[in-house]
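Breakdown of the fold
So you can see what is in the structure, the chains are spelled out below.
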Protein chains: 2
Amino acid sequence: MITLSEVAEAAGVSRSAVSKALLGGGGKTTKVSEKNIIRIRETAARLGYRPNLLAQRLANKRQDIIGVIIDSQCCGLYNNIMSTIEHLTFSSGCRLQVGLVHDSYDAIKKYVDDLLGYNIQSVICLAHYYSFAEQIPPLFKPFKNALFISKPMTEKKFSFVSPDYYAIFYEAVEYLLKLNHRRIVFAKTNYDTYDARVRAQAFHDAHRAYGVEYVEEQIYKENAGEIDTPELMDRFLSDILPLKPDALILGNGIAINWCIRKLRERNLRVPEDISIIGMDDWSGSQAMTPSITVMNNNYREIARQAVQLIQENAKNETPQIKEIFIRGQLVLGESCTRK
Amino acid sequence: MITLSEVAEAAGVSRSAVSKALLGGGGKTTKVSEKNIIRIRETAARLGYRPNLLAQRLANKRQDIIGVIIDSQCCGLYNNIMSTIEHLTFSSGCRLQVGLVHDSYDAIKKYVDDLLGYNIQSVICLAHYYSFAEQIPPLFKPFKNALFISKPMTEKKFSFVSPDYYAIFYEAVEYLLKLNHRRIVFAKTNYDTYDARVRAQAFHDAHRAYGVEYVEEQIYKENAGEIDTPELMDRFLSDILPLKPDALILGNGIAINWCIRKLRERNLRVPEDISIIGMDDWSGSQAMTPSITVMNNNYREIARQAVQLIQENAKNETPQIKEIFIRGQLVLGESCTRK
DNA sequence: CTGAAAGCGCTTACAG
DNA sequence: CTGAAAGCGCTTACAG
């Protein structure tokens, strides 16, 4: 590896001059003549010089790096978010340092330590919806500029950009009620996460607003995560079909595929016998047969606002805490029909 | 930020001692008494000391970091690969530095520069199947230890771990031919990538082995990428249905969903009228109705071997170049039937 | 316009 | 067992 000193020696100039000519360093006062700039550039190119980023960052502390902690399982779901974040930060000359974790508190803690060890003060957390959801936010206290995607489960104030889970869920339930559904089953989880809480609340509020009674069993809490295996789906259906549901609100595409398949085995058709709404949009929801009515969370907009906020705060000495909810929209498919 | 020097001063010992007691540094000869170790640890904890990783890496050059360059669009497809890589490297005390790109030569080049600038010599590339596929591998020459997932398009020898696209594709075509299909259409792309090439070759070889003639149009080359929008699917079907195909080999789940939907609009059923095989497995392929026969590339095994090889090579001064093909397997669904 | 010097926060080889 | 010193490859403030 060629160093800056070697370039300086080969070009017969000082290291300050090379720093200025090649790396934009050299402080405010260092000037280099046009002649030397050319010679330095030529020498560097000839030697194949590459600046050492570790040394650069150690020396001047300038930080244009944003840490990202993301769960590898979210990757599909958050695909739009990540690629938008990547695009926006990259085009503004910023870099991402990505910590990929999977459902592991220890891994998240380790990556947090790494980011702090690299003196990275800005971080976006997309991995905090677990059974241990409330243990994650405290890990992010040491950062000057932390931002969560989705509202974190914590007392302390953090900036976040979150889907407005309540509003979209309310809209979905309202939509079903207006189509005369009277027995909607919502496949919640037994996790105590923010989204699950407010969805249950929206379920309740919408029913109340429309004067429709429901039994507690219509909010299904038996499952830990997605109902995305045939076995889990069988159990789920055995549990809830006795309630004679006319609509189901479920998670992702896989769950819904299994659901449709398993309903068919029981001679139940979607939407004729049971309507279905998906809680998360996924690419391909409109390609299915029937196409699925889904809650589009507007992830691209979430990512856009997240990047804007974190970059703004990265400039401030005392970042301001903002809580931003992004409205989603119900994408109407063929999976719901009037009763 | 508390530094090592401050801990040393507060504990009344030398920096070497702190380095040894806290960070496992201090060289071979530095010894610290039990008494001092305790005091140093206590002091560090009290002050909230965090080692600066930049300084550590700059000073001792020890590298336990593996770079990864991955396309954000691959994320779904390569989800299994990435999470397996993450798991295996993380549990061996290694760290990943992930560069997330999207279909952009410039971004890949920039991330390569970054990795080299951080003095990272080991890198896994999962982003080299583009229209500019052959421009990517040269970027990775400067690394001591580069490894590609999927065979790269290049003359130079690189290590890679790749799906055995040829074998699995041959198996799929053979399967269809044995089920008496005689007009198989393969939705290739107009990209000149390794996988596309050998698939076309396998298509040819299998037909020849079974003495089945085919016309060139059965290898559809009009598309740039996946046929994953309704418009592209309409055009594709308009183009190939006049050939009276009895089977289609297509890309991912979205493409296949659109295909089934658009075939139905034309009163063609899967598999009764047309059989379908998917070229890439995706979670949910077996949940669909009908479930889809897919080529499972065995990504987890690919990831496992990739990590093993790159970690092995990271130890060697002169890494050995290995070319590893992983056999996949045909997962039989309901989307193919005997003609 | 130019370069010598001190510093970033860690290392390790070396001398006690 | 212990610490002073030189070094990693860059910075920038400063003095010419």
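Above this note sits the structure.
Scope of this entry: the structure provided in the associated data block. None of the values given here were measured: they were computed from a predicted structure. Residue positions are given per chain, counting from 1 as you read along its sequence in written order. Here the convention is simple: chains get letters from A, ligands get numbers from 1, in the order in which they are written. Local features in this predicted model are restricted to residues whose pLDDT is 70 or higher, and side-chain atom pairs enter the listing and the counts only when it is 80 or higher, whereas totals over whole chains, interfaces and linings include all residues. Hydrogens are left out, water is left out, and the side-chain values use all remaining heavy atoms of the structure.

**Section: the packing of aromatic side chains**
- Two rings from Phe, Tyr or Trp (for Trp, the six-membered ring) form a pair when their centres sit within 6.5 Å of each other. Planes less than 30 degrees apart are called stacked, planes more than 60 degrees apart edge-to-face, and all others tilted. Under the definition given, this model contains 28 aromatic pairs over all chains.
- Seen from their ring centres, Y220 of chain A and F236 of chain A are 4.8 Å apart, and the 75 degrees between their planes marks the pair as edge-to-face. With Y220 of chain A in strand 7 (residues 219-220) and F236 of chain A in helix 11 (residues 230-240), this residue pair connects regions lying 16 residues apart in the sequence.
- The rule is simple: take the accessible area with a 1.4 Å probe, protein chains only, and divide by the maximum for that residue type; under 20% is buried, over 50% is exposed, in between is partly exposed. Exposure remark for F236 of chain A: the relative accessible area of 0% places this residue in the buried category.
- Centroid distance F160 of chain B to F325 of chain B: 5.3 Å. Interplanar angle 70 degrees. Geometry classified as edge-to-face. With F160 of chain B in strand 5 (residues 159-163) and F325 of chain B in strand 11 (residues 323-326), the pair connects residues that are 165 residues apart, well separated along the chain.
- Given the relative accessible area of 2%, F160 of chain B is considered buried.
- A connected cluster of aromatic rings, assembled from ring pairs, spans F140, F143, F148 and F158 of chain A.
- One cation-aromatic arrangement involves R95 of chain B over Y111 of chain A; the distance from NZ or CZ to the ring centre is 5.7 Å.
- A ring has a charge above it when a Lys NZ or an Arg CZ is no more than 6 Å from the ring centre and no more than 35 degrees off the ring normal. Looking at K156 of chain B, its charged tip hangs above the ring of F158 of chain B, at a distance of 4.4 Å from the centre. Runs of E in the DSSP output that reach at least two residues are strands. Runs of H or I that reach at least four are helices, and both are numbered from the N terminus.

**Observations concerning the sheet that holds strand 10 (residues 293-296) of chain A**
All names here are of chain A.
- DSSP calls a pair of strands paired once it identifies at least 2 bridges connecting them. The strand order across the open sheet built from six strands is 7-6-8-9-10-12, with neighbouring strands paired in mixed fashion. Every other strand in the sheet has two partners, leaving strand 7 and strand 12 (329-331) as the edge strands with one partner each.
- Across four bridges, strand 8 (residues 247-250) lies against strand 9 (residues 275-278) in parallel orientation. Its bridge partner lying in strand 9, L250 is registered against G278.

**Let's talk about the protein's contact with DNA strand C**
- In the neighbourhood of DNA strand C, 33 residues make up the surrounding shell, with S16, K31 and S33 of chain A together with L4 and S19 of chain B lying closest.
- Nearness here has a simple test: a residue counts as near a molecule or strand if at least one of its heavy atoms is within 4 Å of that partner. Each atom of DNA strand C within 4 Å of the protein was assigned to sugar, phosphate or base; sugar and phosphate come to 61%.
- Definition of a polar contact: a pair of N or O atoms within 3.5 Å, with one able to donate and the other able to accept a hydrogen when the atoms are protein atoms, and with sequence-neighbouring residues admitted only if both atoms are side-chain atoms. One nitrogen or oxygen atom from the side chain of S19 of chain B is found 2.2 Å from a phosphate oxygen belonging to DNA strand C.
- In the model, a base nitrogen of DNA strand C is placed 2.9 Å from a nitrogen or oxygen of the T29 of chain B side chain.
- Of all the secondary-structure elements, those providing two or more residues to the surface near DNA strand C are helix 2 (15-23) and helix 4 (53-60) of chain A together with helix 2 (15-23) and helix 4 (53-60) of chain B.

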